[in-house]
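# Close look at the chain arrangement
What follows is the residue order along each chain.
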Amino acid sequence: MDIGGILSMLASVIELASIYSLVTLGLVFSFRMVGFADLTIESSFTTGAAVYAILVSTSSGSPLTALIAAGVVGMIAGSLTALLHVKGRISRLLSGIIMMTVLYSVNLQIMGKSNIQLVSSFSMLDALPTHLRPLVLAVGAMSFFGASLFLLRTHLGYLLRACGESPQVITKLGHNSGFLVILALAIANGLTSFSGAIAAQYFGYSDIGMSAGLIVSAFAALILGEAICSPRTLHRLLLAAFIGSFIYRLAFEIGLRMHIHPWNLKIAVGLLLAISLVVKQAIVKRRGQLLVGVEAL
Amino acid sequence: MIGPNGSGKTTLLKILSGGIESFEGNVFIDGRSATKAKARHFSRSVQLLEQSPERNTVPSMTIEENLRLYSRNGRFPSLSFLNKGGTEKIKRLLARFEMDLESRLSSQVGLLSGGQKQAVALAAVLLRSPKVLLLDEFLASIDPMSAPKLLSVVREAAAERGITVLMVSHDLTQVEATGDRLIILANGKVADDISTEGQAMKRSEIVSRYSVILERNGIL
């Protein structure tokens, strides 16, 4: 591969990693903070894309409004999953499965068909010069990570951290852990849905199947980052989610360039996840470390 | 408070700390009924510390983060990390335990020893200035060197700040050294209530009265 090819590959890695890193960031809130193995994201990503696509293609809504709307719809979806668990007393895994299934139909209803092309609509990303796109997307993603770090260092953030690890402490402090679970899932799915909307803008379409396997790849990115960063502090956990997203996407791109048969891509992702998990556990055990966050899965 | 297994000690402490909401009767704190109070109100005046450190503190959070988590009563979010003023207060409080905790504010609580974990938990609840402190087998699983130190901090704090302490323990040495009143529970009822009026309780007396109750209830 020539230099130009490598550069263009790196640019697309940065762009895609920045977009999908928001899903990984969502996992920090749902999986790691409140310990909720939330499968909703498998569908709420597409929900974000669908909401965005339908708003920019049919109405005269601006892309910015459509992005915000996508985020809000995702937050509602996440809250509903959490409510099924908190109020309906359905198990965490099943609550996620129920919402994931329901959202599939909802996504079809939103779009009215299984695929919407956005070729003719105005997109904020298209307005940017190509060489600036990776930078803008990366800075955008970083600002979300920065905001999350800020939030998690407030008292509310402390409560979110305590909620998954020591729920009894939340009770002792006179707070409601149900509320914190709802909040965490709203944030996680809001981020995921927002990420889906950006992805729709980036790819120029929204498709009902665009988030298939997303949970595994986002989880793989998180674990990969954690295996590298050993998140003993909050900063390192967020850094792990960020770096993991990039390394995962890079590995994925390299895999594609090495002409791994598309059929076998999921095998590669599965192997990568398994290896990362084993490596992470081995490092943690050997160093006697205590990592930030709960092992939701 | 002592009593055989299943006599209702933990249940009573849970009711007193607002952990159980449906029960017969009433809880009064400072003469005011607390049963109708919200969890938030409860958590300000009553603090419960349990045997398992994971139920009192968050293991992956540092000593300082745990104390800051507890130190705030109000609504969130507050910018905990911007408030550096409280650090001196936290250090002074930790110094009382003589475990060198004040120099390890950024250590994760989960990596400390059992005694140190409970010391952090005790410091944390003291920051909330409770009126009532409930200790449920609080010192049961920590080393015999740390237990007396923690107990003496509890006693000092109770005297200084007028905190009412209700301690459940199986360790008669602790009971003997600590209380000015001993309640013996059996089958969910107060079987004996001994006031010592400032005198140290004799272990032999505790044992004999406790045995009588156990026999009467068919436990011994």
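Residues numbered from 1 in each chain as written. Chains lettered and ligands numbered in written order. Predicted model: local features only at pLDDT ≥ 70, side-chain atom pairs only at ≥ 80, totals over all residues. Heavy atoms only, no water.

### Brief notes about the packing of helix α6 (residues 155–165) of chain A against helix α8 (residues 177–203) of chain A
Residues and elements named next belong to chain A. The geometry of α6 relative to α8 is characterised by a closest axis approach of 10 Å and an angle of 100° between their N-to-C directions. The pairing of α6 with α8 is recorded here as roughly perpendicular in orientation. Counting all contacts with α6, which are made through Leu-156, Leu-159, Leu-160 and Cys-163, the residues of α8 involved are Ser-177, Leu-180, Val-181, Leu-183 and Ala-184. Residues that form the contact of α6 with α8 fall into these classes: eight nonpolar, one polar and no charged. (Axes fitted to C-alpha atoms, helices over the stretch in contact; angles between N-to-C directions. Helix = DSSP H or I, 4+ residues; strand = E, 2+ residues; numbered from the N terminus. Parallel < 35°, antiparallel > 145°, perpendicular 65-115°, else oblique. Contact = heavy atoms within 4.5 Å. Nonpolar A, V, L, I, M, F, W, Y, C, P; charged D, E, K, R; others polar.)

### Focus: the pattern of salt bridges
Tallying each qualifying case throughout the model produces 15 salt bridges over all chains. When the shortest N-O distance is used, the salt bridge between Lys172(A) and Glu50(B) registers 2.7 Å. Of this pair, Lys172(A) sits in helix α7 (residues 167–172) while Glu50(B) sits in the loop between β3 (46–49) and α3 (63–71), which puts the two residues in different chains. By relative accessible area, Lys172(A) is classed as buried at 9%. Residue classification places Glu50(B) among the buried positions, given a relative accessible area of 12%. Because the salt bridges share partners, they merge into one network encompassing Arg32(A), Glu226(A), Lys280(A) and Glu295(A). (Salt bridge = Lys/Arg side-chain N within 4 Å of Asp/Glu carboxyl O. Buried < 20%, exposed > 50% of the residue type's maximum accessible area, 1.4 Å probe, protein only.)

### Some details on the packing of aromatic side chains
Summed over the entire model, instances satisfying the criterion amount to eight aromatic pairs over all chains. Cluster of aromatic residues (ring-pair linked, three or more members): Phe145(A), Phe242(A) and Phe246(A). (Phe/Tyr/Trp six-rings, centres within 6.5 Å; stacked < 30°, edge-to-face > 60°.)

### Comments concerning the confidence of the model for chain B
On average, residues of chain B score 84 in pLDDT, and 87% of them reach the 70 mark or higher. Here residues 74–78 of chain B scores under 50 on pLDDT; set against residues more than four positions off or in separate chains, the count is 12 contacts. (pLDDT = per-residue confidence, 0-100.)

### Concerning the nonpolar core
Counting residues in hydrophobic clusters, the biggest one holds 120 residues, and the most contacted among them are Ile63(B), Leu67(B), Leu69(B), Leu122(B) and Leu150(B). Among the elements that line this core, the one with the most residues is α8(A), at 14 residues. Those residues within four positions of Leu122(B) in sequence are excluded, and the remaining contacts are Leu49(B), Phe97(B), Leu133(B), Phe138(B), Leu150(B), Val153(B) and Val154(B). Judged by nonpolar contacts, the second largest core, of 14 residues, contains Leu13(B), Ile15(B), Val46(B) and Leu134(B). (Core = buried A, V, L, I, M, F, W, Y, C linked by side-chain atoms within 4.5 Å.)

### Structural notes on the interface of chain B and chain A
In this complex, chain B contributes 29 residues to the contact, which on the side of chain A involves 24 residues. Summed over the shared surface of chain B and chain A, the number is two salt bridges. Those elements that provide at least two residues to the side of chain B that touches chain A are α2 (39–45), β3 and α3 of chain B. Of all the elements, α3(B) adds the most residues to the side of chain B that touches chain A, at four residues.

### Here's the deal with the packing of helix α5 (residues 133–152) of chain A against helix α10 (residues 234–257) of chain A
Residues and elements named next belong to chain A. Contact geometry for α5 and α10: axes closest at 11 Å, N-to-C directions at 155°. Taken together, α5 and α10 sit at an angle that is classed as roughly antiparallel. Crossing of α5 over α10 shows right-handed handedness. Seen from α5, the contacting residues are Ala-141, Met-142, Phe-145, Ser-148, Leu-149 and Leu-152; seen from α10, they are Leu-234, His-235, Leu-238, Ala-241 and Phe-242. In terms of residue class, the contact of α5 with α10 is built from nine nonpolar, two polar and no charged. (Left-handed = near helix turned anticlockwise from the far one by under 90°.)

### Some details on the sheet that holds strand β5 (residues 164–168) of chain B
All names here are of chain B. Strand order in the open sheet made by the three strands is β3-β4-β5, with parallel pairing throughout. If you trace the sheet from one side to the other, it starts and ends with β3 and β5, each paired once. Strand after strand, the sheet turns through a mean of 15° between neighbouring axes, direction not considered. By the bridge criterion, five bridges tie strand β4 (residues 132–136) to β5 in an arrangement that is parallel. The residue of β5 that forms the bridge with Leu-133 is Val-165. Together, β3 and β4 form the strand contacts of helix α5 (residues 114–126), whose direction differs from that of β3 by roughly 175°. (Pairing = 2+ DSSP bridges.)

### Quick notes on a nonpolar patch on the surface
A cluster of nonpolar side chains, Leu64(A), Ile68(A), Val72(A), Ile76(A), Leu80(A), Leu83(A), Phe122(A) and Met124(A), forms an exposed patch at the surface whose accessible area comes to about 710 Å². Residue class for Phe122(A) comes out exposed when judged on its relative accessible area of 54%. (Patch = residues over 30% accessible without salt bridge, like charges linked within 9 Å, V, L, I, M, F, W, Y side chains within 5 Å. Areas by Shrake-Rupley, 256 points an atom, 1.4 Å probe, with all protein chains shown as cover.)

### Digging into α5(A)
Residues and elements named next belong to chain A. With 20 residues, α5 should reach 28 Å at 1.5 Å per residue; the first-to-last C-alpha distance of 29 Å fits that figure. Turning to α5, its buried residues are Arg-133, Pro-134, Leu-137, Ala-138, Ala-141, Phe-145, Ser-148 and Leu-152. Seen from one end, α5 has its buried residues packed into an arc of 125°, which puts them on one side. Tucked into the core, α5 has its buried residues touching α1 (3–33), α6, α8 and α10. (Expected span 1.5 Å × (residues − 1). Arc of directions from axis to C-beta.)

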